[in-house]
Amino acid sequence: MRAPMSEEPIVEPVVAVIGATGAVGDVFLRVAEQREFPMKQLKLLASPRSVGKQLMFRGQPITVEDTTEQTLEGADIVFCSASSAVSKQWGPWLRARNAVMIDDGSAFRMDADVPLVVPEVNGDDLEWHKGIVSIPNCTTTPLVMALNAMRQVAPLKRVTAASYQAVTGTGAAAKAELEAQIGHIGRGEPVPAPTVYPVQIAMNVLPQVDDFDEDDYTKEELKMRNETRKILHLDTLPFAATCVRVPVVVSHSEAVHAEFTSEASIARIIDALKSQAGVVVTEDPTTYMTPLQAAGDDLVYVSRIRRDPTVEHGIVFWCVTDNLRKGAATNAIQIAEEMLRRNLVPGAK
Ligand code: A2P
């Protein structure tokens, strides 16, 4: 087990993972192993389809169970990465039983009584949790980490962004669809009609992530705006995004224009990014990170920082992060670690 960070005894919660067989669930297990997340017991839960499957954790097989009141009973911390419907089904039930649900979905993110947290940015918001904590969308997390550093230099005035999002953000079925399409193309065969995305994703890009919503923006674009505002506590920050799905398996990239209310030199922006936990900045403007390079670790890589000549105080940058790790599983585990450290998990006190 992990060495204690302070004089306090190690608390070892009973942990359940809903969606253990999914794209994020799999990464969650690996990150929990690597970080030696303390736990008394781990329950791996999914849909009835997966009952009886075995998943390895710390060298031991664990049998996947159905997600039911019986299998969730006694859990202190429940990580949920399944669907909004599943989160909504179990969140209130767990909350009523003094458990904490750390939810990867969008079901509760904008609820006034649910903290939406990136520990390096707004860990203090965990203090007012009421049993459910949401983790942000996988495009929001890296963005707020970069913006939070930059706003130490000058207040933010306006942000616009374009994302280039990997298929694993949609789930395991989307990865399988991309790989199958690449296989068909490689063999010179016709590509069957897609079932996950509205059009073929291999050799293509889709300017649509999630469904269309208000003002002709997609839900993903609105999530990015609303979540950024909530995490940074900037309720009216002018913000517009275009979210694009690209034929990349892991790591989301973003091209971001940030405008400030006063002078924010590149040198000071770079210094601020260097001081932000979890961010790695590339100072040479001709060197950059790609999704392949960012895949497999927990860092937010910021590169190609340059002035935006179209506004008085603005910069443009490129940001790349593993969407399954810091964009999802790692952030969820960091939230749990922070909650244990702050003694905020009722059952683990
Ligand atoms: P299963 O594999 O049994 O379908 P992904 O994001 O990769 O698509 O994964 C979604 C995850 O959510 C999977 O682990 C999936 O389990 C799980 N899931 C889907 N529906 C339910 C449900 N009704 N209850 C619990 N877990 C579910």
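Predicted model, so just to flag it, every value in this text is computed and none were measured.

Engineer: Describe unusual backbone geometry, listing the residues and the values that go with them.
Structural biologist: Most peptide bonds take the trans form, and the phi angle of most residues other than glycine is negative. Unusually for a residue other than glycine, D210 sits at a positive phi of about 75 degrees. Within the secondary structure, D210 is located in the loop between α6 (172-186) and α7 (219-232). Looking at D210, the relative accessible area reads 31%, which means it is partly exposed.

Engineer: Describe helix α8 (residues 266-275), and please don't skip the residues or the numbers.
Structural biologist: Within α8, the full set of buried residues consists of I269, I270, A272 and L273. In a view along the axis of α8, the buried residues occupy a sector of 160 degrees, so they form one face of it. Buried residues belonging to α8 abut α5 (140-150), β11 (252-260), β12 (279-281), β13 (300-307) and β14 (314-321).

Engineer: Outline the pairing of strand β4 (residues 60-63), supporting the account with residue identities and numerical values.
Structural biologist: Pairing analysis gives four bridges linking strand β3 (residues 54-57) to β4, with the strands arranged antiparallel. Among the inter-strand pairings, M56 is bridged to a residue of β4, identified as P61. In textbook terms, the turn of a hairpin is the stretch between consecutive antiparallel strands, and for β3 and β4 this stretch comprises two residues, one of which, R58, has a positive phi near 50 degrees.

Engineer: Kindly report on the pattern of salt bridges, identifying the contributing residues and their values.
Structural biologist: A complete count under the given rule lists 21 salt bridges for this structure. Residues E227 and R109 are paired through a salt bridge, measuring 3.0 Å at the closest nitrogen-oxygen approach. Of this pair, E227 sits in helix α7 while R109 sits in the loop between β7 (100-103) and α4 (119-122), and the two are 118 residues apart along the sequence. Of the residues examined, R109 reaches a relative accessible area of 4% and is grouped as buried. The shortest N-O distance in the salt bridge between R342 and D124 comes to 2.9 Å. Here the residue R342 occupies a position in the segment after α10 (325-341), and D124 occupies one in the loop between α4 and β8 (132-134), the gap between them amounting to 218 residues. By relative accessible area, R342 is classed as partly exposed at 22%. In the salt-bridge network here, residues are joined through shared partners; they are D124, E127, E338, R341 and R342.

Engineer: Please set out the site of the ligand residue by residue, giving values where relevant.
Structural biologist: Taken together, 16 residues lie around the ligand, and T21, S47, R49, S50 and A172 are the ones closest in. At a separation of 2.6 Å, an oxygen atom of the ligand approaches a polar side-chain atom of T21. Protein coverage of the free-state accessible area of the ligand, which is 570 Å², stands at 74%. In terms of residue class, the shell around the ligand is built from seven nonpolar, eight polar and one charged.

Engineer: Account for the sheet that holds β14, naming residues and giving values.
Structural biologist: With respect to topology, six strands assemble into an open sheet ordered β10-β9-β11-β14-β13-β12, the strand pairing being mixed. Looking at the sheet topology across the chains shown, the edges are occupied by β10 (239-245) and β12. Averaged over all pairs of adjacent strands, the angle between their axes in this sheet comes to 20 degrees, without regard to strand direction. By the bridge criterion, three bridges tie β12 to β13 in an arrangement that is parallel. Within the sheet, the bridge partner assigned to V280 lies in β13 and is Y301. In the packing of α5 onto the sheet, contacts are made with β9 (156-165), β10, β11, β12, β13 and β14, and the angle to β14 comes to roughly 140 degrees.

Rules of the game
Residues numbered from 1 in each chain as written. Predicted model: local features only at pLDDT ≥ 70, side-chain atom pairs only at ≥ 80, totals over all residues. Heavy atoms only, no water. Helix = DSSP H or I, 4+ residues; strand = E, 2+ residues; numbered from the N terminus. Buried < 20%, exposed > 50% of the residue type's maximum accessible area, 1.4 Å probe, protein only. Arc of directions from axis to C-beta. Contact = heavy atoms within 4.5 Å. Pairing = 2+ DSSP bridges. Salt bridge = Lys/Arg side-chain N within 4 Å of Asp/Glu carboxyl O. Near = heavy atom within 4 Å. Polar contact = N/O pair within 3.5 Å; in protein donor to acceptor, adjacent residues only side chain to side chain. Areas by Shrake-Rupley, 256 points an atom, 1.4 Å probe, with all protein chains shown as cover. Nonpolar A, V, L, I, M, F, W, Y, C, P; charged D, E, K, R; others polar. Axes fitted to C-alpha atoms, helices over the stretch in contact; angles between N-to-C directions.

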